[in-house]
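Read off the chains here:
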Amino acid sequence: MSQNNKTPHNKNQATFILDGKTIPFTEGQTIIQAAMASGEYIPHLCFNPEFKPHGSCKICTVTANGRQAASCTQQTQADMVVESNTKPINDERRALLQMLFVEGNHFCPSCEKSGDCQLQATAYELNMMSPHFDHFSPDRPLDSSHAEYLLDYNRCILCSLCARASSDVDGKNVFSLAGRGIKTHLIVNAKSGKLADTDFTGDDKAAHVCPVGVIIKKRVGFAVPIGKRSFDEHPISATPHPKVRDV
Amino acid sequence: MSFALETAANPENLRRVAIDPVSRVEGHGKVTILLDDNNKVHQVRLHIVEFRGFEKFIQGRPYWEVPVMVQRLCGICPVSHHLAASKALDAIIGAKHLTPTAEKMRRLMHYGQILQSHALHFFHLCSPDLLFGFDSDIAKRNIVGVAEKHPEIAKQGILLRKFGQEVIRLTAGKRIHGTGAVPGGVNKSLSIAERDELLKDIYQMVTWARGAVHLVKEMHHQNPELYNSFGAFRANFMSLVGFDGGLDLYHGQLRARDESGNILFEGVDYRNYTQIIEEEVKNWSYMKFPYLKSMGKEKGWYRVGPLSRIQNCDFISTPLAEIERRDFIEYSGVMPMHAPLGYHWARMIEMLHATEMIKDLLHYNDIMGSDLMVTGERGFEGVGVIEAPRGTLIHHYRVDENDLVTMCNLIVSTTHNNQAMNEAVRRVAQQYLHGHEVTEGLLNHIEVAVRAFDPCLSCATHALGKMPLQVEVLDAAGQQLSSLSRSSEGTVSTPLSAP
Ligand code: SF4
């Protein structure tokens, strides 16, 4: 995994060990924040440095001093020994990814987010070769009511980034997660449940944070050719958060 | 309605021989033959035994996904579906005239597809039959056998196909299932380096493609009895022709001729295809049977693909292919050539034309331009027609005001040829099997007839929920225990009436 953007650290700074490497951190930083500041990649999906961590996808799980922890919520401590890039942890991550793929309907070959999608790129990064589990094949109709944006719920991984962006940045509360457990699902906060009946616009932060292909700018589709998309050029370990393009 | 040898009068007492699957074709199909105790043929059917659900699951999807999604119809000619869908969706976004770069890039992609598909079909799938004989040693009757005995031919076949795939890769972004064409244009043009890479080899490709035409032509001249009569039957034929009457595989208007070559209609705007074509559903095949409305089910069936196109156009715009077209027409005489083996000759003329077109297109600076897309007044319905390697391909969509597809109708090349292919296998069964003990070599004759059409059975099985189905449960002695049938309207009934 990558070691780009390494920030030099002074000798008095507190450090911890990540996969055998010494990583500096500052008070209050989570493991993933400190790792990213040093250019170290820990796979993740619901984490985005611009937002409060959510700790739900569990892809960023590591062992910290021998105990499993979500690296997006676990604060770093001096001399902590963290393991991330190990076979057992990556095996678990792969299983989590496989579950995400089969819970929704992901037809990557005809998905316009392909090549720009963090779920797909993380699956490539972790060498996920097949979905392994039986597909749930849920019936999730699209919401095409909004003039400029389309919601394809088939691809939702419940990362809640759109909900966090809408409430924390846009001050609008357009999206929420509803239901519990396996029934958890993304909803639009309107009586009709339709995006057109909210005050959502393309200028919202929420329009530009979806790591997968749920919130889609209409009529753009495949304007960017294959080979020219973010993760065609760099693996996700090198650029974990490319600018979400108005696909 | 039923044609001669389509349905035996008393099927119960007949012996059934099945060729399942038909080999060296794309997709999965089977031929069943009913014979009596004296090996007399009573019934022959080419069945399509797989089916998919494209028309159904495209409904409810955003239109801009469609050109990419429909490529999954087929691993052999995805580009044809990609382009036909893009053409149909041009109308949805109101793109009346593409930019010169988009038009040429799409054409380049299409001719790359014609080249790779025709090369694959002729060299890999059919040359073993033609070079070694239809009932030659089955162990050698394949591309490996060709590579051993005729290494130069095999090499040229492989490299011609590879070049076609390269053209596709550079225009569509990937060798298969690319994204180059988008509603309103294309998403990329060629770089100078990419253009030069193709230019480097194209002249060699033209030479080899010309050699391939000569190879098939010689076969016809050497063995006219076989080539002119094998599985031959007369049929109407239809294709797009360019607005000037010339061969145009990317765009034009519909023209059809009767079996004598007289024009039945021409200048038909393909958007009005439903006014001229009707499709019949039969309970023994997943594939529909289209026919020309004006002539009715019995007389209105027709043939599409290279054999139709080469004889339907008035000329070919590229000089080497035009010389070959004239030779072909002269050889056929006053009547059009109807022999299925003539498909190979016509197909190689088209392959030569494709190489010449690629060469010409590579010399336009437009293919390196940056003006890629246009839009215009939003539409809600679009029809796109293209001459795919196997024949006329029709894509038709309706899209609602929220951008979702509400209707999709596809008529693929192989479906147009359904009745014609059935006719061909019936003729061959009569010519070669009737009264003979059935052998592998004889059965391969049937397959040779099917293969001549280059059917793509994967493409032809795209509809879901419309096809009549029959399920029979038989005991070990072949006695029917129970049955269930679903009509084309979707009603399920039991017991099953005899097919
Ligand atoms: S959202 Fe990502 S993972 Fe899902 S179908 Fe699209 S590209 Fe594939």
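Per chain, residues are indexed from 1 in the order of the written sequence. Chain A is the first chain written and ligand 1 is the first ligand written, with later ones labelled in order. Residues qualify for local features only when their pLDDT is at least 70, as the model is predicted, and side-chain atom pairs are given and counted only at 80 or more; totals for whole chains, interfaces and linings, by contrast, use all residues. Excluding hydrogens and water, the side-chain values take into account all heavy atoms of the structure.

So, the overall build of chain A
Our working definition: A run of H or I in DSSP becomes a helix once it reaches four residues, and a run of E becomes a strand once it reaches two; helices and strands are each numbered from the N terminus. To get the radius of gyration, use the C-alpha atoms; to get the globule rule, take the number of residues to the power 0.38 and multiply by 2.2 Å. Burial status follows relative accessibility: with a 1.4 Å probe on protein chains alone, a residue under 20% of its type maximum counts as buried, one over 50% as exposed, and anything between as partly exposed. A contact between two residues is defined here by any heavy atoms of the two lying within 4.5 Å.
A count of helices and strands for chain A gives five helices and nine strands. Sequence-ordered secondary structure for chain A, helices as α and strands as β, is β-β-α-β-β-β-α-α-β-α-β-β-β-α. Here chain A has a C-alpha radius of gyration of 18 Å; the compact-globule value for 247 residues is 18 Å, and the two agree. Taking the principal axes of the C-alpha coordinates as reference, chain A spans close to 55 × 40 × 35 Å. Taking all 247 residues of chain A together, the buried fraction comes to 50%. Long-range pairs, those at least 24 residues apart, make up 65% of the contacts in chain A with a sequence separation of at least 6.

Here's the deal with the domain arrangement of chain A
All names here are of chain A. Rules: Residue ranges assigned to each domain were obtained from an automatic or database domain assignment. Here the quantity called buried area is the total loss of accessible area, with a 1.4 Å probe, experienced by two parts when brought into contact, counted for both. A pairing counts as a salt bridge when a side-chain nitrogen of Lys or Arg comes within 4 Å of a carboxyl oxygen of Asp or Glu. As used in this structure description, the phrase polar contact means that two N or O atoms lie within 3.5 Å; if the pair is within protein, one of them must be able to donate a hydrogen and the other to accept it, and residues adjacent in sequence are counted only when both atoms belong to side chains. Any residue outside Ala, Val, Leu, Ile, Met, Phe, Trp, Tyr, Cys, Pro, Asp, Glu, Lys and Arg is labelled polar, Gly included; the first ten of those are nonpolar and the last four are charged.
Parsing chain A into structural domains produces domain 1 (15-85) and domain 2 (90-220). Computed over C-alpha atoms, the centres of domain 1 and domain 2 are 24 Å apart. At the interface, 22 residues of domain 1 touch 24 residues of domain 2. It is L45, F51 and I59 that lose the most area in domain 1 upon contact with domain 2, and together they represent 41% of the buried surface on that side. A salt bridge links E50 to K205, with the nearest nitrogen and oxygen atoms 2.9 Å apart. If you look at where domain 1 meets domain 2, you find nine residue pairs in polar contact (both at pLDDT 80 or more). Residue classes in the side of domain 1 that touches domain 2 are distributed as eleven nonpolar, eight polar and three charged.

Side note on the pairing of strand β8 (residues 263-268) of chain B
Residue and element names in this part refer to chain B. Here is the rule: Paired strands, in this sense, are two strands between which DSSP finds at least two bridges.
Bridging between strand β7 (residues 253-257) and β8 involves three bridges; their strand directions are antiparallel. By the bridge assignment for β8, A256 is matched with F265. The loop that links β7 with its antiparallel partner β8 comprises five residues; one of these, G261, has a positive phi angle of about 95 degrees.

Some details on the environment of H220 of chain B
All names here are of chain B. Counting through the fold element by element, H220 comes out in helix α7 (residues 192-222). Exposure remark for H220: the relative accessible area of 0% places this residue in the buried category. Taking the C-alpha atoms as reference, H220 lies 40 Å from F54; in sequence the two are 166 residues apart. Ignoring any residue separated from it by four or fewer positions in sequence, one finds H220 in contact with Y227, N228, Y331, M337, L341, G342 and W345.

With respect to the confidence of the model for chain B
Interpretation of this model should avoid reading the predicted coordinates in detail wherever pLDDT is low. Residue and element names in this part refer to chain B. Using the following cut-off: A residue's pLDDT is the predictor's confidence in that residue, given on a scale from 0 to 100.
Confidence in the prediction for chain B averages 86 pLDDT; 88% of positions are at 70 or higher. Across chain B, β7 holds the top mean pLDDT of 98, while strand β15 (residues 469-474) sits lowest at 43. Per-residue pLDDT stays below 50 along residues 461-476; that stretch engages in 60 contacts with residues further than four places along the chain or on separate chains. Overall, residues 494-499 carries pLDDT values under 50, and its contacts beyond four positions in sequence, including any with other chains, amount to twelve contacts. If you check the scores for this complex, the pTM reads 0.87 and the ipTM reads 0.86.

Some remarks on the site of the ligand
All names here are of chain A. To keep it simple, the criterion reads: Note on terminology: near, applied to a residue and a molecule or strand, indicates that one of the residue's heavy atoms is within 4 Å of it. The definitions used throughout rest on a 1 Å grid laid over the protein atoms alone, on which a cavity is an enclosed set of points accommodating a 1.4 Å probe that cannot get out and a pocket is an open set flanked by protein within 12 Å on both sides along at least five of seven lines; lining residues are those having an atom within 4 Å of a point. In this description, a molecule resides in a pocket or cavity if more than half of its atoms sit within 2 Å of the grid points defining it.
Taken together, F101, H106, F107, C108, C111, S114, C117, L119, R155, V212 and G213 make up the full set of residues adjacent to the ligand. For the ligand, the cavity whose grid points lie within 2 Å of the majority of its atoms is the largest cavity. Class assignment of the residues belonging to the shell around the ligand gives a composition of seven nonpolar, three polar and one charged.

A short note on the nonpolar core
How we decide: The set of buried Ala, Val, Leu, Ile, Met, Phe, Trp, Tyr and Cys residues whose side-chain atoms join them within 4.5 Å is what this entry labels a nonpolar core.
One finds I33 and Y397 of chain B to be the most contacted residues of the largest nonpolar core, which totals 125 residues. Counting 37 residues, the second largest nonpolar core, distinct from the first, contains F51, I59, A163 and C210 of chain A.

Side note on the pattern of salt bridges
Side chains bearing opposite charge may pair, as long as their charged atoms lie close to each other. Counting across every chain of the model gives 45 salt bridges over all chains. Between K21 of chain A and E40 of chain A there is a salt bridge whose closest N-O contact spans 3.3 Å. Highlighted residues: K21 of chain A in strand β2 (residues 21-24) and E40 of chain A in the loop between α1 (31-37) and β3 (61-64), separated in sequence by 19 residues. Classification of K21 of chain A as partly exposed rests on a relative accessible area of 28%. Of the charged contacts in the structure, one is a salt bridge between R234 of chain B and E259 of chain B, with a shortest N-O distance of 3.3 Å. Of this pair, R234 of chain B sits in the loop between α8 (224-229) and β6 (236-241) while E259 of chain B sits in the loop between β7 and β8, and the two are 25 residues apart along the sequence. Relative accessible area serves as the criterion here: at 44%, R234 of chain B is assigned to the partly exposed category. Salt bridges here are not isolated pairs; linked through shared partners, they connect E148, K217, K218 and R219 of chain A together with R378 and D403 of chain B.

Let's talk about the side chain of S160 of chain A
All names here are of chain A. One can find S160 in the loop between β6 (149-151) and α4 (161-169). With relative accessibility at 5%, the residue S160 sits in the buried group. Setting aside chain neighbours within four positions, we find S160 in contact with H54 and L177.

A look at the pairing of strand β12 (residues 381-388) of chain B
Residue and element names in this part refer to chain B. For β12, the buried fraction is high: seven of the eight residues fall into the buried class. Relative to strand β13 (residues 391-399), β12 is paired through eight bridges, and the arrangement is antiparallel. The partner of E387 across the bridge, within β13, is T392. Linking two consecutive strands that pair antiparallel, namely β12 and β13, is a turn of two residues.

Here we look at the sheet that holds β7 of chain B
Residue and element names in this part refer to chain B. Across the sheet, which stays open at both edges, the four strands sit in the order β8-β7-β6-β11 with mixed pairing between neighbours. Two strands bound the open sheet, and with one partner strand each, they are β8 and β11 (302-303). Pairing between β6 and β11: two bridges, direction parallel. Along β11, the bridge assignment pairs F237 with R303.

Focus: the packing of aromatic side chains
The line we're drawing: The pairing test for Phe, Tyr and Trp rings, Trp by its six-membered ring, is centres within 6.5 Å, and the orientation test on the planes gives stacked under 30 degrees, edge-to-face over 60, and tilted for anything in between. Two conditions define a charge located above a ring, namely a distance within 6 Å from the ring centre to NZ of Lys or CZ of Arg, and an angle within 35 degrees of the ring normal.
Within this structure, the stated rule accounts for eleven aromatic pairs over all chains. Note on F175 of chain A and F200 of chain A: the rings are 5.8 Å apart at their centroids and 80 degrees apart in plane angle, and the pair reads as edge-to-face. In this pair, F175 of chain A sits in strand β7 (residues 175-178) while F200 of chain A sits in the loop between β8 (185-188) and β9 (215-217), placing the two residues 25 residues apart along the sequence. Neither F175 of chain A nor F200 of chain A differs from the other in exposure class; each is buried. Between Y63 of chain B and W64 of chain B the ring centres are 5.2 Å apart and the planes differ by 80 degrees, which places this aromatic pair in the edge-to-face class. Side by side, Y63 of chain B and W64 of chain B carry an identical accessibility label, which is buried. Across the ring face of Y250 of chain B, the terminal group of K87 of chain B is positioned such that the distance to the ring centre comes to 4.6 Å. Residue placement shows K282 of chain B over the ring face of F289 of chain B; its charged tip is 4.9 Å from the ring centre.

With respect to the environment of T198 of chain A
Residue and element names in this part refer to chain A. Residue position: T198 is located in the loop between β8 and β9. A sequence separation of 84 residues divides T198 from S114, and the C-alpha atoms of the two residues are 28 Å apart. Excluding residues that lie within four positions of it along the chain, T198 makes contacts with V174, V188, N189 and A190.

Here's the deal with the sheet that holds β12 of chain B
Residues and elements named next belong to chain B. As a reminder, the rule being used: A fitted line through C-alpha atoms represents every axis, and for helices the fit uses only the stretch in contact; the resulting angles, taken between N-to-C directions, go from 0 to 180 degrees.
Judged by pairing direction, the sheet is antiparallel, and its three strands sit side by side in the order β12-β13-β14 without closing on themselves. Whereas interior strands pair on both sides, the edge strands pair on one side only; in this sheet they are β12 and β14 (405-411). Averaged over all pairs of adjacent strands, the angle between their axes in this sheet comes to 15 degrees, without regard to strand direction. The sheet contacts of helix α3 (residues 78-92) involve β12 and β13, and relative to β12 the element is tilted by about 150 degrees.

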